[in-house]
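Each chain, letter by letter, is given below.
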Amino acid sequence: MARTSSPSWMKAGWLRAASLLLLASFITVEASLDCRAPGPVVPKPRHIHGHERLVKATTELSGKLEDAVMGEIKAGWPVEETSFSIGVIAHDQENAAVPVWEYHYLSPANVNGTKDLSRDSQFLIGSISKVISDYILLMSGIDIDESVAEFVPELRDEASAIRWGDITLRHLATQVAGIPPNYGFSEYYYLKDYFESLGFPHVEDEAYAECGIIGLNGGCTREQFLKGMLESHPVAQPAERPVYSNIAFTLLMYAVESRTGMNYTELLRTYVSDPLALKNTIVSPGDDDKAVIPPVDNSWGSDYGDNAPGGGLVSSLSDLSIFIHAILDGTIFGADNTTAVREWLKPTSSTGSLYSLVGTPWEIYRTNELISHTVDLYAKGGSAYGYQSQMALVDEYGVGIVVLTAGSPLASGPIYDAVLATMVPALDDIAREQARQRGYTGVFVDGNSASCGNGSSADFNVTVVQDADSLVLHGVERNGTDILASLREIWTVTIGGFLAVTPSTARIFPIQIRKEVKLPMADGSEKKVVREDWRLDWDFLASGETDLPGAGLSNKNCLAWTLTDWMYYGSEPIDRIVFVLDAETEEVIGLEIPYLRSDVLVPVTIL
């Protein structure tokens with residue numbers, strides 16, 4: 001599709017590109033994203049609310065959900081006792097509290113609580129509370145690498161089997177402290193006779209902890225709880241491996257309370273609810289009139305006491321939308337602290353699965369079953385009696401997902417999976433379509449050098465196409481020379497001397513580095529533009545053959561990331577290219593290849 005209008009400095013050289021158009025329309029590139037840098041494949045989609053592809057996807061999903069609750073298809077959960085709310089949140093939505101798409105269902109059997117389920121209705125969110133508690137910790141300014149025993153002196157006991165002095169606040173926040181999941185709660189005292197019927201020996205009540213055991217005694221005081229910590233056994237060494245722990249968050253908040261002088265309710269209000277204007281995020285119990293109370297056994301109205309930081313918060317879809325939106329747009333730690341957001345979303349430990357990592361306190365799921373490449377979901381699930389919740393950040397697309405259910409614990413999984421399976425492919429389609437529409441793909445040539453560059457008179461033709469996976473540098477030509485072929489040849493006499501791989505497809509990816517500058521124009525004026533850095537990331541072909549066992553096994557260990565910014569020419573990295581965007585419209589108006597000393601190469605065709 002040709003551009004209908006262009007500034008005068010963008011029109012030069014269009015005839016030289018005509019011969020490339022027919023070629024580009026027949027391009028087929030071997031698709032492979034098995035080994036690439038993490039992050040977006042193309043720029044995050046913008047303004048997705050009302051987009052035709054999203055409307056189609058959400059309409060289909062709404063229809064499926066309606067069929068499920070009406071019994072037209074198998075739901076996978078007892079619909080008669082389950083209510084739920086779903087929301088999809090975008091990084092650039094106009095109102096942070098209003099998802100770009102939401103769906104609500106109130107079970108007719110709900111006789112208590114709200115009769116009008118909306119985005120402001122309250123649910124118990126279970127362990128999503130841990131995300132908020134970790135946020136409080138990070139906002140408090142406390143050094144998270146200090147030992148928990150520095151804040152909670154009761155833990156300084158050499159007789160304890162757990163070496164509390166070696167456990168830091170970071171260990172607690174990232175689920176690698178190696179301490180038990182619960183204290184007292186893990187005892188099923190009310191099933192004592194059943195245990196004995198299955199061959200367990202009889203034990204007297206004195207064998208149980210003195211607090212926190214359902215059916216035997218009451219909740220723990222701080223003194224009782226900390227005494228129990230000294231009597232508990234470690235599950236793993238600190239920082240050895242992830243061990244899920246609710247009590248870690250009780251200890252975290254003891255530490256923050258000790259340093260700040262505020263209790264958990266005050267911390268929640270000071271660092272979360274008031275700054276973000278959250279109306280429904282409070283320590284349980286919540287507001288019965290706004291509550292979604294299921295017609296099954298549930299824990300609505302419970303006082304979680306000191307266990308609240310790990311799983312005792314109430315919230316709503318609108319509040320979680322605000323919270324997630326602030327993460328997605330990078331402002332949750334302040335407008336000038338996007339680095340803290342990026343760091344917060346990074347994994348801190350692995351698991352025994354190829355697909356699961358652990359964060360702070362994210363349950364990061366990596367999947368290649370939704371689209372053609374691996375997508376990282378920065379997720380956190382939560383459970384309370386009668387409630388299941390799930391939140392996830394799909395940062396690659398600048399989107400978050402929330403699923404809140406009240407009723408059967410069977411409902412959350414199928415609903416969450418359906419949302420992922422519907423939304424992620426749609427978002428991927430929108431992102432790729434917008435990349436083409438905004439002009440990232442096409443033929444770029446040298447324009448009027450006197451008006452837009454450094455005086456270079458070289459003849460450039462650059463063709464950028466999009467295959468099923470990413471944008472690809474299909475051709476880079478300077479004064480009739482195939483620069484991509486030259487790069488492959490240079491590889492063989494430089495890096496090829498110590499790496500037994502050969503570069504093939506030249507893929508390019510955005511790296512989230514942008515700078516607004518003023519570009520001089522032919523008429524003497526200046527135009528505000530954004531210079532957006534991308535990096536070349538080659539597909540590699542393994543060299544050589546062997547009859548030894550395990551041939552190619554280590555190729556799955558992706559080390560291509562070690563080659564980023566590796567080769568330079570005249571102080572410019574050979575893997576860097578720069579798209580030039582109109583600062584107002586965000587449309588591509590040019591491309592630069594700094595190592596070739598190109599001017600702003602102007603687009604003559606969108607492909």
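Shown above is the structure to which this text applies.
Nothing here was measured: the structure is a model prediction, and the numbers come from that model.

A. Focus on the pattern of salt bridges. Summed over the entire model, instances satisfying the criterion amount to 26 salt bridges. Salt bridges sharing partners connect three or more residues here, namely Arg 438, Arg 514, Glu 532 and Glu 586.

B. Structural detail: the side chain of Ser 133. Mapped onto the elements of the fold, Ser 133 is located in helix H3 (residues 129-139). Since its relative accessible area comes to 0%, Ser 133 is described here as buried. Polar contacts involving the side chain of Ser 133 include one to the main-chain carbonyl oxygen of Pro 309, which spans 2.8 Å.

C. Structural context of the sheet that holds strand E9 (residues 375-384). If you trace the eight strands from one edge of the open sheet to the other, you get E2-E1-E11-E10-E9-E8-E7-E6, paired in antiparallel fashion. Of all the strands in the sheet, the pair left with one neighbour each is strand E2 (101-105) and strand E6 (349-350). Strand direction decides the pairing type here: strand E1 (residues 83-90) and strand E11 (residues 399-406), joined by eight bridges, are antiparallel. When the bridges of E11 are listed, Gly 87 appears paired with Val 402. Taken strand by strand, helix H2 (residues 52-69) contacts E1 and E2, and its axis lies near 10 degrees from that of E2. Strand contacts of helix H11 (residues 317-328): E1, E2, strand E10 (387-394) and E11, with the helix running at about 155 degrees to E11, the strand carrying the most contacts.

D. The environment of Asp 467, seen in detail. Along the polypeptide, Asp 467 turns up in the loop between strand E13 (460-466) and strand E14 (471-478). Asp 467 sits in the buried class, given a relative accessible area of 13%. It is 62 Å that separates the C-alpha atoms of Asp 467 and Gly 199, two residues lying 268 residues apart in sequence. A distance of 2.8 Å separates a polar atom in the side chain of Asp 467 from the backbone nitrogen of Ser 470.

E. Representation of the state of the cysteines in the model. Tallying each qualifying case throughout the model produces one disulfide. Here Cys 211 connects covalently by a disulfide to Cys 220, the sulfurs 1.9 Å from one another. As the torsion about the S-S bond is roughly 90 degrees, the Cys 211-Cys 220 disulfide counts as right-handed.

F. Up close: the packing of aromatic side chains. Summed over the entire model, instances satisfying the criterion amount to 21 aromatic pairs. With 5.9 Å between their ring centres and 25 degrees between their planes, Tyr 135 and Trp 344 make a pair best called stacked. Here Tyr 135, found in helix H3, pairs with Trp 344, found in helix H12 (residues 338-344); they are 209 residues apart in sequence, far enough to count as distant. In terms of burial, Tyr 135 and Trp 344 fall into one category: buried. Where Tyr 189 meets Tyr 208, the ring centres are 5.2 Å apart and the plane angle is 85 degrees; that geometry is what we call edge-to-face. Taken together, the residues span a long stretch of sequence, with Tyr 189 in the loop between helix H5 (169-173) and helix H6 (192-197) and Tyr 208 in the loop between H6 and helix H7 (222-231) at a distance of 19 residues. The pair formed by Tyr 189 and Tyr 208 is uniform in burial state, with each residue classed as buried.

Thresholds applied
- Residues numbered from 1 in each chain as written.
- Predicted model: local features only at pLDDT ≥ 70, side-chain atom pairs only at ≥ 80, totals over all residues.
- Heavy atoms only, no water.
- Salt bridge = Lys/Arg side-chain N within 4 Å of Asp/Glu carboxyl O.
- Helix = DSSP H or I, 4+ residues; strand = E, 2+ residues; numbered from the N terminus.
- Buried < 20%, exposed > 50% of the residue type's maximum accessible area, 1.4 Å probe, protein only.
- Polar contact = N/O pair within 3.5 Å; in protein donor to acceptor, adjacent residues only side chain to side chain.
- Pairing = 2+ DSSP bridges.
- Contact = heavy atoms within 4.5 Å.
- Axes fitted to C-alpha atoms, helices over the stretch in contact; angles between N-to-C directions.
- Disulfide = S-S within 2.5 Å.
- Phe/Tyr/Trp six-rings, centres within 6.5 Å; stacked < 30°, edge-to-face > 60°.

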